[in-house]
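# Tertiary structure, described
Listed here are the chains, written in short residue letters.
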Amino acid sequence: MNAQFDLDFGDATHGGIFFVTSEDLEPLAEAAGMQGLRVCRVGLADYTDRDALFDRLTQALRLPSDFGRNWDALADSVRDLSWLKATGYILLFDHAEGMRDTHEEDFDTLLDILEEAVDYWQEAGSPFFVFFALPESAFDEVQE
């Protein structure tokens, strides 16, 4: 896809959730990193269950040891992130189709939590961007 985004990663109002291809993630990470955002990568290629997701998010977001490993705790954590000491955040989820296709309810819950986080960070004036990488074929339906 090699999407061209007109995003100012330093502007909180540009924050949101976007769907891209895997090849878009590296340029997005570089651009966001150059503007001082904390880049957090999460691979979802072999998504099996929530515990695996919480493990990956704990590592990527360096969640505190007392992270509750449930959806409510995740919602609270992504609206805090104070331990990461950054001016803004970009979450890059690679191979999101693994989760979307096999665990749609979990995928939708994660999207809801991240949408709420985007709203929170916009109100706080801090950039917060989320990119889900899907295969090129996922965009064929949209373009037709």
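Just above, that's the structure.
Report on the accompanying structure. (Residues numbered from 1 in each chain as written. Predicted model: local features only at pLDDT ≥ 70, side-chain atom pairs only at ≥ 80, totals over all residues. Heavy atoms only, no water.)

On to the side chain of Ser77, then. Residue placement: Ser77 occurs in helix α3 (residues 71-78). Apart from the residues lying within four places of it in its own chain, the contact partners of Ser77 are Leu63, Phe67 and Trp83. (Helix = DSSP H or I, 4+ residues; strand = E, 2+ residues; numbered from the N terminus. Contact = heavy atoms within 4.5 Å.)

To continue, consider the sheet that holds strand β1 (residues 16-20). Reading across the sheet, the four strands line up as β1-β4-β3-β2 and stay open at both edges, with parallel pairing between neighbours. In the strand order of this sheet, the two ends are held by β1 and β2 (38-43), each with one partner. If you compare each strand with its neighbour and ignore which way they point, the axes differ by 15° on average. Pairing between β2 and strand β3 (residues 89-94): six bridges, direction parallel. The residue bridging Arg41 from the neighbouring strand is Leu92, located in β3. On the sheet, helix α5 (residues 104-124) packs against β1, β3 and β4 (128-133) and is oriented at approximately 155° with respect to β4. (Pairing = 2+ DSSP bridges. Axes fitted to C-alpha atoms, helices over the stretch in contact; angles between N-to-C directions.)

In this section: unusual backbone geometry. It is generally the case that most residues other than glycine have a negative phi and that most peptide bonds are trans. Its identity is not glycine, yet Leu81 carries a phi of approximately 55°, on the positive side. Of note, Leu81 is situated in the loop between α3 and β3. Looking at Leu81, the relative accessible area reads 0%, which means it is buried. (Buried < 20%, exposed > 50% of the residue type's maximum accessible area, 1.4 Å probe, protein only.)

Following both chains from N to C, one finds α3 and α5 inclined at 30°, their axes separated by 9 Å at the closest point. Taken together, the axes of α3 and α5 are roughly parallel relative to one another. Once α3 is placed against α5, the crossing between them reads as right-handed. Here Trp71, Leu74, Ala75 and Val78 of α3 lie close against α5, whose contacting residues are Asp106, Thr109, Leu110, Ile113, Ala117 and Trp121. Here the residues of the contact of α3 with α5 sort into eight nonpolar, one polar and one charged. (Parallel < 35°, antiparallel > 145°, perpendicular 65-115°, else oblique. Left-handed = near helix turned anticlockwise from the far one by under 90°. Nonpolar A, V, L, I, M, F, W, Y, C, P; charged D, E, K, R; others polar.)

Read these as spatial facts, not as claims about activity.
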